[in-house]
Amino acid sequence: MSPLLAALNGQRPAHLPVWFMRQAGRSLPEYKEVRGSTTILEACLRPDLAAEITLQPVRRHRVDAAIFFSDIMTPLVLAGVGVEIHSGVGPVIDEPIRTAADVDRLVAHTMDDVSAITEAVRHVVAELGEETPLIGFAGAPFTLAAYLVEGRGSRDHLAARSMMHADPESWHRLLDWCARLSGQFLTAQVDAGARAVQLFDSWAGALTRADYVSAVAPHSATALAAVAGRVPRIHFGVGTRHLLTDMAACGVEAMGIDYRTPLDEAAWLLPGLPLQGNIDPALLAAGWDALEAHARDVVERGKAAPAHVVNLGHGVPPTTDPGVITDLVALLHEL
Ligand code: CP3
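Being a predicted model, the structure only gives us computed values, none of them experimental.

A. The arrangement of the site of the ligand in detail. Around the ligand, a shell composed of 25 residues is seen, among which Arg-22, Tyr-31, Arg-35, Gly-88 and Ser-202 lie nearest. In the environment of the ligand, an oxygen atom lies 3.1 Å from a nitrogen or oxygen atom belonging to the backbone of Ala-24. Separating an oxygen atom of the ligand from a backbone N or O atom of Gly-88 is a distance of 2.7 Å. Calculation on the ligand without its partners gives an accessible area of 890 Å², and the protein chains cover 90% of this total. Of the pockets mapped on this structure, the ligand occupies the largest pocket. Grouping the constituent residues of the shell around the ligand by class yields 13 nonpolar, 8 polar and 4 charged.

B. Looking closely at the pairing of strand β6 (residues 233-237). For β6, the buried fraction is high: 5 of the 5 residues fall into the buried class. Burial along β6 is two-sided: Arg-233, His-235 and Gly-237 facing one way and Ile-234 and Phe-236 facing the other are all buried. In this sheet, β6 lies alongside strand β5 (residues 196-201) in parallel orientation, the contact comprising 5 bridges. In the strand pairing of β6, Phe-200 is matched with Phe-236. Crossover β5 to β6 through helix α11 (residues 209-225) is right-handed.

C. Representation of the pairing of strand β8 (residues 275-279) in the model. Among the 5 residues of β8, 5 are classified as buried, and the element is accordingly described as predominantly covered. The sheet contact formed by strand β7 (residues 254-256) and β8 spans 2 bridges and is parallel. Bridging from a neighbouring strand, Met-255 pairs with Leu-275 of β8. For the handedness criterion, the β-α-β arrangement of β7, helix α13 (residues 263-269) and β8 is classed as right-handed. Pairing analysis gives 5 bridges linking β8 to strand β9 (residues 308-312), with the strands arranged parallel. Directly across from Leu-275, in β9, lies its bridge partner His-308. Taking the sense of rotation as the criterion, the β-α-β connection linking β8, helix α14 (residues 288-302) and β9 turns out right-handed.

D. Fine view of the sheet that holds β5. Strand order across the open sheet formed by 7 strands is β1-β4-β5-β6-β7-β8-β9, with parallel pairing between neighbours. Each edge of the open sheet is held by one strand with a lone partner, namely β1 (66-67) and β9. Taken strand by strand, helix α10 (residues 168-191) contacts β4 (134-139) and β5, and its axis lies near 170° from that of β4.

E. Quick look at the layout of surface pockets. Considered as a void within the structure, the largest pocket measures approximately 1,200 Å³ in volume. Counting residues per element, the lining of the largest pocket draws most heavily on helix α2 (residues 29-35), at 3 residues. A per-class count over the lining of the largest pocket returns 18 nonpolar, 14 polar and 5 charged. Approximately 210 Å³ is the volume found for the second largest pocket. Along its surface, the second largest pocket is lined by Gly-80, Val-81, Gly-82, Ile-93, Asp-94, Glu-95, Pro-96, Ile-97, Asp-102, Arg-105, Leu-106 and His-109. In terms of residue count, the dominant contributor to the lining of the second largest pocket is helix α6 (residues 100-107) (3 residues). Here the residues of the lining of the second largest pocket are counted per class, giving 5 nonpolar, 3 polar and 4 charged.

Reading the values: the criteria
- Residues numbered from 1 in each chain as written.
- Predicted model: local features only at pLDDT ≥ 70, side-chain atom pairs only at ≥ 80, totals over all residues.
- Heavy atoms only, no water.
- Near = heavy atom within 4 Å.
- Polar contact = N/O pair within 3.5 Å; in protein donor to acceptor, adjacent residues only side chain to side chain.
- Areas by Shrake-Rupley, 256 points an atom, 1.4 Å probe, with all protein chains shown as cover.
- 1 Å grid on protein atoms, 1.4 Å probe; cavity = no way out; pocket = protein on both sides within 12 Å on 5 of 7 lines; lining within 4 Å.
- Sits in = over half its atoms within 2 Å of the grid points.
- Nonpolar A, V, L, I, M, F, W, Y, C, P; charged D, E, K, R; others polar.
- Buried < 20%, exposed > 50% of the residue type's maximum accessible area, 1.4 Å probe, protein only.
- Helix = DSSP H or I, 4+ residues; strand = E, 2+ residues; numbered from the N terminus.
- Pairing = 2+ DSSP bridges.
- Right-handed = clockwise from strand over helix to strand, strands pointing away.
- Contact = heavy atoms within 4.5 Å.
- Axes fitted to C-alpha atoms, helices over the stretch in contact; angles between N-to-C directions.
- Points joined across faces, edges and corners; volume = space filled by probe spheres on them.

Below, the structure is given as structure tokens:
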């Protein structure tokens, strides 16, 4: 069994498996070259390009897994929702969802053709072989809904959190639609050969625990249930220490931990669960000595968990020197 799948099954393989969120993308010159002037969402829907970009970091860094090159917004595009990704800003929604009537219009959208996804995943899986699994992913319902309601990224997600309380009926309809869309996106990737999945709830950290449990978690559970029993499921959020046990209860085989919570503390909060994380992305630009000391500390603390998949505590910053990532992978494989 590959080191990644062994660790996600709770075992300690001969070397620690490592991959990085945003390992594909702007830190790689070969990415900028093949992307050219194609927009990110166009690139996600061109199977040849998406497959090539997915494979680039595996070839260069010798990481133990590929993550499918796509975006949490791709299913919205496939469902015909107007969205663009602006450089330095992130997703921007043409017609933000604010009223019950907006939700009615949105939930009539369906994702009918996932062949661009299926084709890209099949191509990647054929190239990777058995040793290096492909991880599929989707955005969690809250993070998708936060973009849909706010219209773009926001710091405290006031409009989304107000709607949750002002019109709970519309909120639940909106999240249920997002959950089914994400579940369908995960299923398409697993059907085509992805061997694990990660659900990204990047903005869940903005929620109170009470709101997460009553208004969000049931929908994350719906998305994750779409691939239950088929592949291991990883659940990741940012600033979510207060939500870790509730996120784990959504139905997962492993938890992703951001850089703020040391892995030994996370292991205490989540007994028996394999953990993924959590090298601080800032350390990638802090010089080798500081990075090496930090990486060794993360691995030591990770020993408190039954199994550990090394990753960052959030994505690779676009300004990262790719050579540092390659050296870090080599170091981690020796520990
Ligand atoms: O290597 C990988 O991790 C796989 C590809 C991947 C992308 N987006 C490609 C991408 C994954 C897993 C995502 C998930 C994603 N997209 C999340 C969840 C993870 C997280 O970072 O918290 C979120 C919130 C998004 C939405 C989004 N898409 C943002 C905020 C941005 C950045 C915009 C900017 O320029 O600052 C994007 C664009 C995007 N998605 C890029 C990549 C490589 C960068 C833009 C580019 O290459 O042109």
